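Letter by letter, the chains look like this.
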Amino acid sequence: MKYRKRFLLAALLGAGAVTFLVSCKKEAHSEEVVKTSIFSWEEDYILPEKEEEIYMAMERLGCAAVYQELPQDMEDEVVIEYLKRRSSKNQDVYYLAGDANWGLEEHAESMLEQVKRVDSLNKKAGRGSRFSGIVWDVEPYLTEEWDESPDQVMEQYINNLRAAYESASEKGLQVIVCIPNFYDKKGYEEELADLTENGCDVLAVMNYNKDDEAGQIRTEVELAKTYDKGIIHIVELQKPGYHELTEKNTYYYDGIGAVKESFEKLKKEFDYPKLGFSWHYMRPALELMDREEQR
């Protein structure tokens, strides 16, 4: 009997140690995933010829992570070399992917396929240089189906995110989900909570309205706190006129300093260590930097 008691005690102590280690790992994981970042949509920024521009943007904007989209037909070797260059500069890379229709698929086929691709690339790249995770830019509210039956679309979208998150987590990939700042205002508070708890490690809010940046993400910040998740505030840098953007949506004319002031205000407003920031995106950021240097 005493040996059995010793065994049970050892098992309990071991379980406690594991729980402690998992808790520590989760905390470090959350802090890593909300590093200041920048989106990069163009494939030419994957090539070595663009290294100087990438370095300038990352340094000037204080970014430690980049969300990079990849062409589906890009050779693995090109991607792996890019990952190695970013790793050599201690910069994280997230695989940026998405299509509005991916949220409508019955079994999350496209998202699961992208998870497989990232996992395959990571295995080829090796431990030293790899994708840290995936950034989903899946916006189902842009589809015709949303106009006809938004509730059903939202339900399917979240189911797909849950499936993709489970698959990515099994492969050691962090998951960031881009969302608009209006799901709660559309009456989808419960769905937003489900998404936060079960569909991602981090919410990345496309907070493209400078009028009330804190108010527009308050619900999302509170959900992040509730479920111990990260949250990222994304700012727009594109010139007014593109995609119906107006001056109230973008910092194109305000400049880099104004963006950094905004970041500081939100840090003080929410005082949440898992609040991060992201710039959208590489090309207009470089244009803005060039314009400011010429003044």
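All values reported here derive from a predicted model rather than from experimental measurement. (Residues numbered from 1 in each chain as written. Predicted model: local features only at pLDDT ≥ 70, side-chain atom pairs only at ≥ 80, totals over all residues. Heavy atoms only, no water.)

## Considering the sheet that holds strand E5 (residues 174-180)
At step 1: Spatially, the 8 strands close up into a barrel ordered E1-E2-E3-E4-E5-E6-E7-E8, and their pairing is parallel. In this sheet, adjacent strand axes meet at a mean angle of 25° when their direction is disregarded.
At step 2: Looking at chain direction, strand E7 (residues 230-236) and strand E8 (residues 275-280) are connected through 6 bridges and run parallel. Looking across to E8, one finds that Glu236 is bridged to His280.
At step 3: Sheet contacts for helix H6 (residues 150-170): strand E4 (131-136) and E5; angle to E5, the most-contacted strand, approximately 160°.
At step 4: Against the sheet, helix H9 (residues 256-270) engages E7 and E8, with an angle of about 160° to E8. (Pairing = 2+ DSSP bridges. Helix = DSSP H or I, 4+ residues; strand = E, 2+ residues; numbered from the N terminus. Axes fitted to C-alpha atoms, helices over the stretch in contact; angles between N-to-C directions. Contact = heavy atoms within 4.5 Å.)

## Things to note about helix H8 (residues 213-226)
At step 1: If you check H8, its first and last C-alpha atoms are 20 Å apart, about what 14 residues at 1.5 Å a residue would give, namely 20 Å.
At step 2: When the local axis directions of H8 are compared, the greatest deviation, roughly 40°, occurs at Thr219.
At step 3: Residues of H8 that are buried: Glu213, Ala214, Gln216, Ile217, Glu220, Val221, Leu223 and Ala224.
At step 4: Summarising the contacts, the buried residues of H8 are in contact with E5, helix H7 (189-198), strand E6 (202-206), E7 and H9.
At step 5: Looking one or two residues beyond H8, the residue adopting positive phi is Asp228, at roughly 55°. (Expected span 1.5 Å × (residues − 1). Bend = angle between axes of the 7 residues up to and from the residue. Buried < 20%, exposed > 50% of the residue type's maximum accessible area, 1.4 Å probe, protein only.)

## A closer look at the pairing of strand E2 (residues 65-69)
At step 1: With 4 of 5 residues buried, E2 is to be regarded as a mostly interior element.
At step 2: With 4 bridges connecting them, strand E1 (residues 37-40) and E2 associate as parallel partners. Opposite Ser37, over in E2, you have Ala65 as the bridge partner.
At step 3: Following the backbone out of E1, through helix H2 (residues 51-61) and into the adjacent parallel E2, one traces a crossover that is right-handed.
At step 4: Alignment of E2 against strand E3 (residues 92-97), held across 5 bridges, turns out to be parallel. Note on E3: the bridge partner recorded for Val66 is Val93.
At step 5: Read as a crossover between parallel neighbours, the route from E2 over helix H3 (residues 76-88) to E3 is right-handed. (Right-handed = clockwise from strand over helix to strand, strands pointing away.)

## Brief notes about the packing of H6 against H7
Each pair of packed helices gets described by two things: the angle between the helix axes and the distance between those axes.
At step 1: Between H6 and H7, the shortest axis-to-axis distance is 9 Å and the interhelical angle comes to 10°. As judged from the angle between their axes, H6 and H7 are roughly parallel. Contact residues: H6 offers Met154, Tyr157, Ile158, Leu161, Arg162 and Tyr165, while H7 offers Glu191, Asp194, Leu195 and Asn198.
At step 2: Here the residues of the contact of H6 with H7 sort into 6 nonpolar, 1 polar and 3 charged. (Parallel < 35°, antiparallel > 145°, perpendicular 65-115°, else oblique. Nonpolar A, V, L, I, M, F, W, Y, C, P; charged D, E, K, R; others polar.)

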